[in-house]
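# Understanding the architecture of this molecule
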Amino acid sequence: MASASALHILVKTEKEAFAILEQLKKGKDFSTLAKRHSTCPSGKKGGDLGEFRRGQMVKAFDDVVFKKEVLKVHGPVKTRFGYHLIKTLYRN
């Protein structure tokens with residue numbers, strides 16, 4: 001079964017997600033921004049979700065991690081939890 005590892009930043013509003021995305025484009029560190037802004041418990045670990053299998057995350061999140069380009073920030077991606085900026089580190 002396919003597995004992957006990803007970092008993410010979860011925020012409440014799309015506006016906030018776009019503001020963080022702009023900082024990332026200017027070279028700010030993903031992990032630092034995750035620690036500062038993410039509402040997910042993973043934020044304390046720089047947004048690191050560790051390794052997980054396809055189907056363990058909500059569909060919109062899975063679609064990005066398992067279909068989009070690796071090592072590139074994607075988003076904002078809306079789920080029932082809020083808006084995510086997602087960076088897939090690798091997938092098998």
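Given the structure is predicted, the values throughout are model-derived calculations rather than measurements.

If you walk across this open sheet you meet the four strands as E2-E1-E4-E3, and the pairing is antiparallel. The strands lining the two open edges of the sheet, one partner per strand, are strand E2 (48-53) and strand E3 (73-79). Averaged over all pairs of adjacent strands, the angle between their axes in this sheet comes to 40°, without regard to strand direction. With five bridges connecting them, E3 and strand E4 (residues 82-91) associate as antiparallel partners. Looking across to E4, one finds that His 74 is bridged to Ile 86. Across the sheet, helix H2 (residues 30-37) touches strand E1 (3-11), E3 and E4, and the angle it forms with E1 is around 50°.

For the structure on display, the rule yields three salt bridges. Glu 22 is the partner of Lys 25 in a salt bridge, and the nearest nitrogen-oxygen pair spans 3.8 Å. One end of the pair is Lys 25 and the other is Glu 22, both in helix H1 (residues 14-25) and three residues apart, which spans about a single turn. You can call Lys 25 exposed: its relative accessible area is 61%.

So, on to the environment of Phe 81. Mapping Phe 81 onto the fold places it in the loop between E3 and E4. Placed 26 residues apart in sequence, Phe 81 and Gly 55 show a C-alpha to C-alpha distance of 16 Å. Other than its neighbours up to four places away in sequence, Phe 81 contacts Leu 10 and Val 58.

Put simply, H1 and H2 touch, their axes get as near as 10 Å, and they point 155° apart. Relative to H2, the element H1 lies roughly antiparallel. In this structure, H1 meets H2 at a crossing whose hand is right-handed. Contacts between H1 and H2 involve Ile 20, Gln 23 and Leu 24 on the former and, on the latter, Phe 30, Leu 33 and His 37. Tallied by class, residues from the contact of H1 with H2 come to four nonpolar, two polar and no charged.

Looking now at the environment of His 8. Tracing the backbone through its elements, the reader meets His 8 in strand E1. Taking the relative accessible area as the measure of exposure, His 8 reaches 3% and is therefore buried. Considering only alpha carbons, one finds His 8 and Glu 69, 61 residues apart in sequence, at a separation of 15 Å. The contact partners of His 8, leaving out residues within four places of it in the chain, are Phe 30, Ala 34, Ser 38, Cys 40, Ser 42, Gly 47, Leu 49, Phe 61, His 84, Leu 85 and Ile 86.

Parameters at a glance
Residues numbered from 1 in each chain as written. Predicted model: local features only at pLDDT ≥ 70, side-chain atom pairs only at ≥ 80, totals over all residues. Heavy atoms only, no water. Pairing = 2+ DSSP bridges. Helix = DSSP H or I, 4+ residues; strand = E, 2+ residues; numbered from the N terminus. Axes fitted to C-alpha atoms, helices over the stretch in contact; angles between N-to-C directions. Contact = heavy atoms within 4.5 Å. Salt bridge = Lys/Arg side-chain N within 4 Å of Asp/Glu carboxyl O. Buried < 20%, exposed > 50% of the residue type's maximum accessible area, 1.4 Å probe, protein only. Parallel < 35°, antiparallel > 145°, perpendicular 65-115°, else oblique. Left-handed = near helix turned anticlockwise from the far one by under 90°. Nonpolar A, V, L, I, M, F, W, Y, C, P; charged D, E, K, R; others polar.

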